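Observations on the model geometry
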Amino acid sequence: MSGPEEGASGGGADRRAELVQGLGRVRARVADACAAAGRRTTEVTLVVVTKTYPADDVAALAALGVRDVGEAREQELRDKRERLDPVGGTGEPLLRWHVVGRLQRNKARSVGRLADVVHSVDDPRLVVPLARGAADAGRTLGCFAQVSLDGDPARGGAPVDDLPALCDLLAGTDGVRLLGLMAVAPLGADPASSFARLASLAAGVAASYPGADALSAGMSGDLEQALAHGATHLRVGAAVLGPRPPTH
Ligand SMILES: *Cc1c(COP(=O)(O)O)cnc(C)c1O
């Protein structure tokens, strides 16, 4: 048996070696895909999605130079921030915490307080509570509007037709800032054509809202296609951290 559990309970050096390898492989993939697309790696933020992996993994990643991590659940985000924020030492947290999972409305204010960036804003009713949370924390919260490319509500994302209203609200509410669009490639579809469609939607958003030109797309299995279509933020979990521990 091996896996994140073992890493959490003292398999430290082995786990660190696994993370060095995983991170190295993903960084090499990003560099190759950027080279192929004529893009610079400095335009791309790699968010390592640490949801369900132990806080020790996040600490090890921070020590390896990772600055952006992604969580899906409010409670887990809270627990990990409490444990890890002092890592920075000087009062400035070392890590930027991204939220990539579906948001429950009753947790949105707390998420707004805890997160630095939320990738999964897909319902106008989330915007005011997120903004309130950001105001509680005295910060502005960066938000991506998540769009559904296949109209399957189970996987999150606003329908394409609802995007203008959602983007207007994010752009017009104090405490939040519209960064751009986010999507997950639909299951069973060719990711390249999904991301091509996403890129054209994102171009429309960037033209309508100054500064909202970021694009959160690409996961462990499709980051090359996402980079070819202009992704600025990759959300990668398993390819760095290994098979995900089962969720409870
Ligand atoms: C879990 C998750 C990821 C990371 O997925 P991997 O397959 O582990 O890379 C990315 N984006 C979202 C929205 C997720 O929920």
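Residues numbered from 1 in each chain as written. Predicted model: local features only at pLDDT ≥ 70, side-chain atom pairs only at ≥ 80, totals over all residues. Heavy atoms only, no water.

Quick note on the threshold: UniProt positions are given in the numbering used here, feature names are shortened, and annotations may be inferred rather than shown by experiment.
Under an unreviewed UniProt entry, the protein chain has the name Pyridoxal phosphate homeostasis protein and belongs to Aquipuribacter hungaricus. Turning to the protein chain, the UniProt record has this under Function (unreviewed entry): "Pyridoxal 5'-phosphate (PLP)-binding protein, which is involved in PLP homeostasis." Heading Sequence similarities (unreviewed entry) of the UniProt record for the protein chain holds this comment: "Belongs to the pyridoxal phosphate-binding protein YggS/PROSC family."

Digging into the pairing of strand S5 (residues 141–146)
As a reminder of what qualifies: Type-normalised accessible area, obtained with a 1.4 Å probe on protein chains alone, sets the label of each residue: buried when under 20%, exposed when over 50%, and partly exposed for intermediate values. Helix and strand definitions here come from DSSP, where helices need a minimum of 4 consecutive H or I residues and strands a minimum of 2 consecutive E residues; each element is numbered from the N-terminal end. Note on pairing: two strands pair once DSSP finds at least 2 bridges between them. With the strands aimed away from the viewer, a crossover counts as right-handed if its path from the first strand over the helix to the second runs clockwise.
For S5, the tally of buried residues reaches six of six residues, placing the bulk of the element in the interior. Alternating residues of S5 divide into Leu141, Cys143 and Ala145 and Gly142, Phe144 and Gln146, and every residue in both groups is buried. Looking at chain direction, strand S4 (residues 117–121) and S5 are connected through three bridges and run parallel. Paired with Val117 across the bridge in S5 is Gly142. Handedness of the β-α-β unit built from S4, helix H6 (residues 127–136) and S5 comes out right-handed. Pairing analysis gives six bridges linking S5 to strand S6 (residues 176–182), with the strands arranged parallel. In the strand pairing of S6, Phe144 is matched with Gly180.

What to know about the UniProt feature "modified residue: N6-(pyridoxal phosphate)lysine" (unreviewed entry) in the protein chain
Short version of the rule: Throughout, a contact is declared for two residues whenever any of their heavy atoms are within 4.5 Å.
With numbering aligned to this structure, UniProt lists the feature "modified residue: N6-(pyridoxal phosphate)lysine" (unreviewed entry) at Lys51. The topology assignment puts Lys51 in the loop between strand S1 (45–49) and helix H3 (55–63). For Lys51, a relative accessible area of 26% puts it in the partly exposed group. Setting aside anything within four residues of it in sequence, one finds Lys51 in contact with Gly70, Glu71, Ala72, Glu76, Lys80 and Arg244.

Digging into the packing of helix H2 (residues 12–37) against H3
Filter applied, for reference: Lines fitted to the C-alpha atoms define the axes, with helices restricted to the stretch that makes contact. Angles between their N-to-C directions range from 0 to 180 degrees. Throughout, the term roughly parallel applies to angles under 35 degrees, roughly antiparallel to angles over 145, roughly perpendicular to angles from 65 to 115, and oblique to all others. Handedness of a helix crossing follows the sense of rotation of the near helix relative to the far helix, less than a right angle counterclockwise being left-handed and clockwise being right-handed.
In contact at an axis separation of 10 Å, H2 and H3 are set at 60 degrees when each is read in the N-to-C sense. Between H2 and H3, the crossing angle belongs to the class labelled oblique. Considering how the two elements wind past one another, H2 and H3 form a crossing that is right-handed. Here Arg15, Leu19 and Leu23 of H2 lie close against H3, whose contacting residues are Asp57, Ala60 and Leu61.

What about the site of the ligand?
Which entries qualify depends on this criterion: In this text, near means that some heavy atom of the residue lies within 4 Å of the molecule or strand in question. Two N or O atoms count as a polar contact when they lie within 3.5 Å, although within protein this holds only if one can serve as hydrogen donor and the other as acceptor, and sequence-adjacent residues are included solely when both atoms are side-chain atoms. Residue exposure ignores everything except the shown protein chains as possible cover, and the areas themselves are Shrake-Rupley values with a 1.4 Å probe. Following the grouping adopted for this structure description, the nonpolar residues are Ala, Val, Leu, Ile, Met, Phe, Trp, Tyr, Cys and Pro, the charged ones are Asp, Glu, Lys and Arg, and the polar ones are all others, Gly among them.
Residues in contact with the ligand, as listed here, are Val49, Lys51, Val100, Met182, Val184, Met219, Ser220, Arg235, Val236, Gly237, Ala238 and Arg244. Contact distances for the ligand include 2.6 Å between an oxygen atom and a side-chain N or O atom of Ser220. Contact distances for the ligand include 2.9 Å between a nitrogen atom and a side-chain N or O atom of Arg235. Coverage of the ligand by the protein amounts to 83% of the 390 Å² it exposes when considered alone. Considering only residue class, the shell around the ligand consists of seven nonpolar, two polar and three charged.

Considering helix H8 (residues 191–208)
Definition in use: What a helix is expected to span follows from its residue count: subtract one and scale by 1.5 Å. Think of the arc as the fan of directions from the helix axis to the C-beta atoms.
For H8, built from 18 residues, the straight-helix expectation of 26 Å at 1.5 Å per residue is met to within 8% by its first-to-last C-alpha distance of 26 Å. The set of residues buried in H8 consists of Ser194, Phe195, Leu198, Ala202 and Val205. Around the axis of H8, the buried residues are gathered within 85 degrees of arc, so they sit on the same side. Where H8 is buried, its residues touch helix H7 (163–172), S6, strand S7 (214–216) and helix H9 (223–228). Two or three places before Ala192, at the opening of H8, Asp190 has a side-chain oxygen 3.1 Å from that residue's backbone nitrogen.

Structural notes on the packing of H3 against helix H4 (residues 74–84)
One can describe the packing of H3 onto H4 by two numbers: an axis separation of 10 Å at closest approach and a directional angle of 50 degrees. Considering the angle they form, H3 stands oblique to H4. Here H3 runs over H4; the crossing is right-handed. The segment H3 lies against H4, with Ala55, Asp56, Val58 and Ala59 engaging Lys80, Arg83 and Leu84. Broken down by class, the residue content of the contact of H3 with H4 amounts to four nonpolar, no polar and three charged.

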